[in-house]
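The chain contents come next:
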Amino acid sequence: MPGATREVAILPGLVLAKDHHPPRMSRIFQCLPCIYRYAEAVIMASGTQVRSGGQGQGTFFKQEQMMTRSVVKWTSLAAAAACMMALAAPAQAQDTKIVLGMSGWTGFAPLTLADKAGIFKKNGLDVEIKMIPQKDRHLALASKSIQCAATTVETHVAWNANGVPIVQIFQMDKSYGADGIAVRGDIKSFADLKGKTIGVDAPGTAPYFGLAWMLSKNGMSLKDVKTTTLSPQAAAQAFVAGQNDAAMTYEPYLSTVRENPSAGKILATTLDYPMVMDTVGCDPTWLKANGKAAQALANSYFQALDMIKADPTKSNEIMGAAVKQTGEQFAKSSSFLRWQDKAANQKFFAGELTSFMKDATAILLEAGIIRKAPEDLNVTFDASFIK
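Keep in mind it's a predicted model, so treat the numbers as computed, not measured.

**Examining the overall build of the protein chain**
Thought 1: When helices and strands are tallied, the protein chain shows 14 helices and 13 strands.
Thought 2: Counting the 387 residues in the protein chain, one finds 47% classified as buried.
Thought 3: The long-range share in the protein chain, meaning contacts at least 24 apart out of those at least 6 apart in sequence, stands at 76%.
Thought 4: Carbon together with sulfur atoms contributes 54% to the accessible area of the protein chain, which is approximately 19300 Å² in total.

Written out as structure tokens, the structure reads:
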């Protein structure tokens, strides 16, 4: 009958419905000849010859042979049935693949922990973490080589304003002294930085924005200083080596300066100017099609925070290893920031995020990082993943 289920008898007493999985049924049918041959060989081997003896003894062995044939036959059929049911079972769902771009910034370390400790895997994710410089991360996002990225809030604003849409789905950290500017001993204030050379990362990065923010709060701008483009790590290393008058950097590299007081001092950090906070965002098209995976990503971050709280020693060792620090060194670096749990996220997304983005937009425009403000800041985040 049209639309009726077709049944296929494959062994005596064993009937399977021909389902909607031709590839699996094909594998089952292909295995039948070898199952039959195996059963036949076992049966033949069990009784092809009656041992010599009297007539009664021969009758006994014939009965034994028949019994053996029967047992082997039904045992083989049972094994065949079990085999084919296993073949017909649906394949286990594969983990959802996510490529996430980030850097070695201490605040991003819970993502590394979620990866190394198997938290992503437990939540059905196959996450590949790519270390991509902040100045290039938007290019990877635009080319679809990554689906999500961890970066600072104002960077999300800049990417959206410059035509690379991304939607923030959870906050990771706030800097409490983890970002700062190191200066030589004779520099007493920001006013003394006028005309000085500062090692800082490229426009569009957190250190560049941080420098612009601090200068702005002191009645200055980037036009009042000279900048040389160096990554956060290189800026700290160069400063300690005696190069440049100042360096804008962050942990774990800021500790390079802390550990070498003879090179200079730290003029200001995010304790004085709180403006560095990081979020994870994803491509809006990918996000719309992969809401469950995005939720699993957010859940994995919060579970990583739970692990840090439950076993800080082990967690610090794992996170420190990723940036070539011991557990003790990493713990010291991370003391200058605060990871944000779900309650903190809910408070942040309820109003603080939008307020900060408005302030950041003005600095981004002044620094020339963006030419126009985003049309609608509300489309740059989605709070549904931290409920």
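**Some words on empty space enclosed by the protein**
Thought 1: What the rule picks out here adds up to two cavities of 30 Å³ or more.
Thought 2: In this structure, the largest cavity spans a volume of roughly 80 Å³.
Thought 3: Taken together, Ser103, Trp105, Phe108, Gln134, Arg137, Thr151, Thr152, Asp179, Ala206, Tyr250, Val276 and Asp278 make up the lining of the largest cavity.
Thought 4: Only helix H5 (134-142) and strand S5 (148-152) provide two or more residues apiece to the lining of the largest cavity.
Thought 5: Put simply, the second largest cavity is a space of about 60 Å³.
Thought 6: Gly104, Trp105, Ala109, Thr112 and Val323 are, among the 13 residues lining the second largest cavity, the residues nearest its centre.
Thought 7: Each residue belonging to the lining of the second largest cavity can be placed in one class, and the counts come to nine nonpolar, four polar and no charged.

**Comments concerning the nonpolar core**
Proteins that are soluble and globular tend to have nonpolar side chains buried together.
Thought 1: In this structure, Phe170, Ile181 and Leu297 are the most contacted members of the largest nonpolar core, which totals 87 residues.
Thought 2: If you tally residues by element for this core, the top one is helix H11 (residues 291-310), at 11 residues.
Thought 3: Not counting residues within four places of it along the chain, the set of residues in contact with phenylalanine 170 comprises Leu111, Thr279, Val280, Leu297, Ala298, Tyr301, Asn345, Phe349 and Ile386.
Thought 4: One finds Ile132, Leu141, Ile146 and Ile166 within the second-largest nonpolar core, a separate group that totals nine residues.

**Topic: the layout of surface pockets**
Thought 1: Of the volumes computed, that of the largest pocket is approximately 350 Å³.
Thought 2: Every element with two or more residues in the lining of the largest pocket is listed here: helix H8 (232-240), helix H9 (254-258) and helix H13 (327-334).
Thought 3: Of the residues that constitute the lining of the largest pocket, the class distribution is five nonpolar, eight polar and three charged.
Thought 4: As a volume, the second largest pocket reaches approximately 260 Å³.
Thought 5: Ser103, Pro133, Ser231, Pro232 and Tyr250 are the residues nearest the centre of the second largest pocket, which is lined by 16 residues in total.
Thought 6: Sorting the residues of the lining of the second largest pocket by element identifies H5 and H8 as the ones contributing at least two each.

**Some thoughts on H5**
Thought 1: All of the buried residues along H5 are Gln134, Arg137, Ala140 and Leu141. Across the axial projection of H5, the buried residues extend over an arc of 100°, all falling on one side.
Thought 2: On its buried face, H5 sits against strand S3 (96-102), S5, helix H6 (153-161) and helix H7 (206-217).
Thought 3: Looking one or two residues beyond H5, the residue adopting positive phi is lysine 144, at roughly 70°.

**With respect to the sheet that holds strand S13 (residues 337-339)**
Thought 1: The six strands are arranged S4-S3-S5-S12-S6-S13 in an open sheet whose pairing can be described as mixed. Taken across any chain shown, the strands that pair with only one partner, and hence form the sheet edges, are strand S4 (125-131) and S13. If you compare each strand with its neighbour and ignore which way they point, the axes differ by 25° on average.
Thought 2: Of the strands in this sheet, S3, S4, S5, strand S6 (167-175), strand S12 (277-282) and S13 are in contact with helix H3 (residues 109-116), which crosses S4 at around 135°.

The rules behind the values
- Residues numbered from 1 in each chain as written.
- Predicted model: local features only at pLDDT ≥ 70, side-chain atom pairs only at ≥ 80, totals over all residues.
- Heavy atoms only, no water.
- Helix = DSSP H or I, 4+ residues; strand = E, 2+ residues; numbered from the N terminus.
- Buried < 20%, exposed > 50% of the residue type's maximum accessible area, 1.4 Å probe, protein only.
- Contact = heavy atoms within 4.5 Å.
- Areas by Shrake-Rupley, 256 points an atom, 1.4 Å probe, with all protein chains shown as cover.
- 1 Å grid on protein atoms, 1.4 Å probe; cavity = no way out; pocket = protein on both sides within 12 Å on 5 of 7 lines; lining within 4 Å.
- Points joined across faces, edges and corners; volume = space filled by probe spheres on them.
- Nonpolar A, V, L, I, M, F, W, Y, C, P; charged D, E, K, R; others polar.
- Core = buried A, V, L, I, M, F, W, Y, C linked by side-chain atoms within 4.5 Å.
- Arc of directions from axis to C-beta.
- Pairing = 2+ DSSP bridges.
- Axes fitted to C-alpha atoms, helices over the stretch in contact; angles between N-to-C directions.

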